[in-house]
Amino acid sequence: MKFRMLRNLYFLLLFLPMAAGSCRKAKIAPPGFELAPGFQIELVASEPLIVDPVAMVIDEYGRLYVVEMPGNPYDESGVGNVKLLADTNGDGRMDKHTVFADSLRMPSGITRWKKGLLVTDPPHVLYLADTDGDGRADVRDTVLAGFDDTNLEYNVNTPIVGLDNWVYLSNGYGSRLGDIHFPAHPDGPRLQGHAARNIVRFKPDARELEMCSGVTQFGQTFDEWGRHFLVNNSNHIYQEVLAARYLLRNPEMSVSGGIESLSDHGDAAEVFPIVENPDHQLLTDVGVFTSACGITAYVGGAFPSGFNEGMVFVAEPVHSLIHVDHLVDNGASFQAGRVHEEKEFLASTDPWFRPVNMYVGPDGALYVVDYYRQIIEGPQWLSEEVRESGDLYNGSDKGRIYRITASGTKPLDWSKNLQLGDASAEELVKMLAHPNGWWRQNAQRLLVDRNREGIGEVAVRNLVALTQSETASLGRLHALWTLEGLGQLDTEHIVKALQDPVAQIREHAIRLAELHLDQHPELVRVLLELRDDTDPKVRFQLLCTLGFLDTPQAGEARQQLLLGDVEDKWIQIAALSAPAAPKDVLLQTFLARFVPAYASLVERLSTMIAADGNPEATFHLIERATALSTGDGADWQVPVLEGLAAGLQNASQPPIQGSGQNLLIRAFLAHPADNVRLASLRVLQQTGIPLDAQTVRALDQAVSMAGDKSLADERRVGAIQFLALGNLAAYEVLLQNLVVSTEPLSVQRAALQLLGGIPGTGVSRYILDQWETLTPGLRGTAIATFMVYPFDESRINLLLDAIEAGKVQRTNLEWYQIVRLMRDTPDEVKKRARALLAENEGQRREIIQRYQAVLNLEGDPKKGQAVFQRSCATCHKLGENGEGIVYGPDLSTVRNWPVANLLEKILDPGRSIAQGYELWMLTLKSGDVKQGIMVAENTSGFTLRYPGGMEEVIGRADVDKAEALSVSAMPPGLEAQITEQEMADLLSYIRRGG
């Protein structure tokens, strides 16, 4: 009994967390881990050998290179390193280090390349090599330059050599939009605008440089079959489904991106930490993914049964855990499901355990890179007190690497015994079929590095033989891409692979055939034979590849493939990405057999037809879509009209005039289906209306409808919006008479919006005269009338006069309106706006301090629901099935925040901006300005989401300038709209989850 008590005391002391912020001695034993059954964890390296590790790689000689980033978050003076570690006594623990490279700014990733390393050190990608064998880099070349270095969370990172022999670089949002290029080759390729903030891939030797379709944050990974999975802080797993080369080839197609979220448990999924005494910062999303990074597909082949296929691990350093999902097929993409319910693969009680990256080693182990810091969150997520406390660098002298293996696995031995770099070419070919992806990937890289002359005829024959192996499916795959990298892949090898019994190899064979179609058109016949393939991913890839062929046979196959999987949106996009896609024929085919599942495809086809600028085709669609229909005709009429409206927005010249416009006017006024009427109006808003007698009568009818209180509010709002197509000044009095308290809010808001379009200061003076009668729900719309772009200085000065006089309060302005007045207006106006509107941070702190009394009030969730509906639901949802509109973040993701932190975020939303929810301003070449949350960006354009949840795809060719406003879409000043008790009720409702 005494022994048991002593043993329990020992474990208690071992795992007892120390107070956050205190000075702690390094614990060589692992902290209090909970690990999935069947696994073991051991320490491989720790301080003082390494500090602040963020990435690692093991080369073909068992040399472990570790990237250190001690400068995070502010020190850019060049304190970063790459260290070379070794286990000299063979006990499985690293005991020697050499500084391979120092004076790095903010190094973020590493991979083996040629005889050295590629290291990402924003704004550069460096090649580092040791040519004299002393363990220190004596070659330091800048391979790529031009990456953003202003946003640490999105700096270029995680270089990976892909199965296709390209090097892929994680890349993301940033404010410095320079050209990514090869600095040693100024005439080489350049990716303008920071590659649209997308992932970049390149071939250093061939000086090839391309933009991908996906965007990621810290991390990316490929599974054993070459599928590309990405991550950002709140969305822990998504996939680049459609490559950029397919999205780019048809400028008529406008889509929001080539990526697909995979999690079946939510994008900001719940996590289950076990941290004792967590030191969460002010704006940490407690209980959900808030720092997801280091995504790693397990390809080691040495884990227990059930963990060797389709497993993807994701680090979550804020919550001190590692999550794992299992992938299952879902059409052209996947679905990722939890492996463990209400627990994680690995979790720690130690709040300083900060897993930021992972690596699959030559022993099949999963290596965990632990940054080991007290604070992992960026400064923008911290309270003022923490930022000024000096704690930001606590733990910067520490860092660990752990090794996770199946229970009973022996200590590592690769540090002294690995000699893959000395293997013959024939031996390397055999390694392409190794069950561990580390060996396959490195063997392929070494073979391609040695090139055709270096490996010899025997090795080439062995590669060809491996492509025909009946047992080693992954070996066949690597052999095919190795032959491609060596320039030795023949059509007979491709044809054989197209008939492979394994679907994944057929999928890759189609991609390989795509690379050779110009020189070997005979491959087309074999490709076409795959149109009836049983695997959906093979059919999807075939559809993508056939888009490059403009032949009747290819067109027929594409239509068959589309019809077979028409409900899969990726099949739709792949089919329409083909420049030769017969848009008109396809649309007529699907209209003739229309079912609701075809709606999105019909809308996409209609968009492309309108953008094409063909007047006859567009008129024909309008004629059909505006006709009176029987049964469910409106089900297809609306997607046609919505598609036409979207396409006309991007058309160089609207192809609709005269009779087409009159049909739309008639439909708007008289069609029995509400949704057809509104869709017709949206088309008219793109085309305008003719100036003829029929139009005059229609405008008169709209005047009557706008004032007719017997009509539904939506019908009256539509009539008001229709008046915008005429001479607005003629309706000024009518519109003013609609801005009265007896009118519905939606009618008043629509009238105010139109009043803003009337030139001069008359409307501005009228609004100020009526200011006291305007309800809070109208005042934001009223303010917007003073700021119609291009700015009218007279209007803005009237607004500033009213603010100076105290008639209009600063809190009446949306936050982005304040920012625009202080940043984008002419110099004299800007100076005055800053003097009036700049809020001292102390003032906001005083408000927060005053509201601390709310924390002692009892909140009523039922009353809080009413507050939510009034003040929050126009921009936020509360839970996946809850009420509200998807514009800002889902508030269910913050329900676990400490109530004090949630209160501060509500009162000071600009303190930090949730990733993906900053406001963007797009200035169009037409002079129009669009502001909203950018929900997607790809090579063809942008998708903005506006208040109310409406989204708009804007073609990149139509945008003159895109810039982040660096402000939250949520304005400060909510305290002016709700009482302290109402705030307590709201907090109670949010924390209950609805």
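Per an unreviewed UniProt entry, the protein carries the name Cytochrome c and comes from Parapedobacter pyrenivorans.

Undergrad: Just give me the short version of a negative patch on the surface, but keep the residues and values in it.
TA: A cluster of acidic side chains, namely Asp264, Glu270, Glu341 and Glu342, defines a negative patch on the protein surface. Assignment of secondary structure puts Glu342 in the loop between strand S24 (333-338) and strand S25 (346-348). A residue is classified by how much of its surface remains accessible, and Glu342, at 62% relative accessible area, is exposed.

Undergrad: Please provide a residue-by-residue account of the packing of helix H19 (residues 674-687) against helix H21 (residues 713-723), values included.
TA: In contact at an axis separation of 11 Å, H19 and H21 are set at 15 degrees when each is read in the N-to-C sense. Comparing the axis directions of H19 and H21 gives the class roughly parallel. Remark: the crossing between H19 and H21 carries left-handed chirality. Where H19 abuts H21, its residues Arg677, Leu681, Leu684 and Gln685 lie against Arg715, Gly718, Gln721 and Phe722.

Undergrad: Could you give me a rundown of the packing of aromatic side chains, with the residues and numbers involved?
TA: Scanning the model with the defined rule gives 21 aromatic pairs in all. Summarising the aromatic geometry, the rings of Phe33 and Tyr402 are spaced 5.2 Å apart at their centres and angled 90 degrees between planes, so their arrangement reads as edge-to-face. Linking Phe33 in strand S1 (residues 33-35) with Tyr402 in strand S28 (residues 400-406), this pair joins segments that are 369 residues apart in sequence. Phe33 gets classed as buried once you look at its relative accessible area, which sits at 17%. Here the aromatic rings of Phe303 and Phe313 are separated by 6.3 Å at their centres, their planes lie at 85 degrees, and the arrangement is edge-to-face. Note that Phe303 is positioned in the loop between strand S21 (293-297) and strand S22 (311-316) and Phe313 in strand S22, a separation of 10 residues in sequence. Look at Phe303 and you get buried, because its relative accessible area is 6%. Residue Phe313 is classed as buried on the basis of its relative accessible area of 0%. Connected via pairs of aromatic rings, a cluster forms that spans Phe39, Tyr298, Phe303, Phe307, Phe313 and Phe345. In this structure, Arg201 is placed above the aromatic ring of Trp166, and the distance from its NZ or CZ to the ring centre is 3.9 Å. Between the NZ or CZ atom of Arg400 and the centre of the ring of Tyr372, over which it lies, the distance is 3.9 Å.

Undergrad: Report on the sheet that holds strand S11 (residues 157-161), specifying residues and quantitative values.
TA: Strand-to-strand pairing in sheets goes through backbone hydrogen bonds, with the strands running parallel or antiparallel. On the basis of which strands lie adjacent, the open sheet formed by 4 strands has the order S11-S12-S15-S16 and antiparallel pairing. Strands with a single pairing partner mark the edges of an open sheet, and in this sheet they are S11 and strand S16 (208-211). Put simply, the sheet's adjacent strands are angled 20 degrees from each other on average, direction ignored. One ladder, built from 3 bridges, connects S11 with strand S12 (residues 167-170); its direction is antiparallel. Counterpart to Asn157 in the pairing with S12 is Ser170.

Undergrad: Please give an account of the environment of Ile322 that cites residues and values.
TA: By the element assignment, Ile322 lies in strand S23 (residues 321-330). Look at Ile322 and you get buried, because its relative accessible area is 0%. Distance in space between the C-alpha atoms of Ile322 and Val368 is 9.2 Å, their sequence separation being 46 residues. When residues no more than four places from it in sequence are discounted, the contact partners of Ile322 are Phe313, Val314, Ala315, Glu344, Phe345, Leu346, Pro355, Met358 and Val368.

Undergrad: Can you lay out the pattern of salt bridges for me, pointing to particular residues and giving the numbers?
TA: Tallied over the full model, the rule gives 38 salt bridges. Note that Glu514 and Arg245 form a salt bridge whose closest N and O atoms lie 2.8 Å from each other. In this pair, Glu514 sits in helix H9 (residues 503-516) while Arg245 sits in helix H2 (residues 244-248), placing the two residues 269 residues apart along the sequence. For Arg245, a relative accessible area of 33% corresponds to the partly exposed category. Taking the shortest distance from any N to any O, the salt bridge between Lys569 and Glu260 comes out at 3.3 Å. Residue Lys569 is located in helix H13 (residues 569-576), and its partner Glu260 is located in strand S20 (residues 259-261); the two are separated by 309 residues in the primary sequence. Connected via shared salt-bridge partners are Asp59, Glu60, Arg63, Arg112, Lys114, Asp205, Arg445 and Asp449.

Undergrad: Before we move on, can you summarise the nonpolar core with the specific residues and values?
TA: Judged by nonpolar contacts, the single largest core of 221 residues is most densely connected at Val82, Phe313, Phe345, Tyr367 and Phe722. A total of 11 residues in this core trace back to one element, the largest contributor, which is helix H6 (residues 437-466). By size, the runner-up hydrophobic cluster in this structure holds 23 residues, among which are Ile848, Leu891, Leu902 and Ile978.

Undergrad: If you had to explain the pairing of S22 to someone new, which residues and values would you point to?
TA: Of all 6 residues that make up S22, 6 are buried, and the element is covered over most of its length. Because side chains alternate across S22, one face comprises the buried residues Met311, Phe313 and Ala315, and the other comprises Val312, Val314 and Glu316, equally buried. Judged from the 3 bridges that link them, S21 and S22 form a sheet pairing that is antiparallel. When the bridges of S22 are listed, Thr296 appears paired with Phe313. Sheet topology places S22 next to S23; 6 bridges connect them, and they run antiparallel.

What counts, and where the lines are drawn
Residues numbered from 1 in each chain as written. Predicted model: local features only at pLDDT ≥ 70, side-chain atom pairs only at ≥ 80, totals over all residues. Heavy atoms only, no water. Patch = residues over 30% accessible without salt bridge, like charges linked within 9 Å, V, L, I, M, F, W, Y side chains within 5 Å. Areas by Shrake-Rupley, 256 points an atom, 1.4 Å probe, with all protein chains shown as cover. Salt bridge = Lys/Arg side-chain N within 4 Å of Asp/Glu carboxyl O. Lys, Arg positive; Asp, Glu negative; His and termini not counted. Charge placed at Lys NZ, Arg CZ, Asp CG, Glu CD. Helix = DSSP H or I, 4+ residues; strand = E, 2+ residues; numbered from the N terminus. Buried < 20%, exposed > 50% of the residue type's maximum accessible area, 1.4 Å probe, protein only. Axes fitted to C-alpha atoms, helices over the stretch in contact; angles between N-to-C directions. Parallel < 35°, antiparallel > 145°, perpendicular 65-115°, else oblique. Left-handed = near helix turned anticlockwise from the far one by under 90°. Contact = heavy atoms within 4.5 Å. Phe/Tyr/Trp six-rings, centres within 6.5 Å; stacked < 30°, edge-to-face > 60°. Lys NZ or Arg CZ within 6 Å of the ring centre and 35° of its normal. Pairing = 2+ DSSP bridges. Core = buried A, V, L, I, M, F, W, Y, C linked by side-chain atoms within 4.5 Å.

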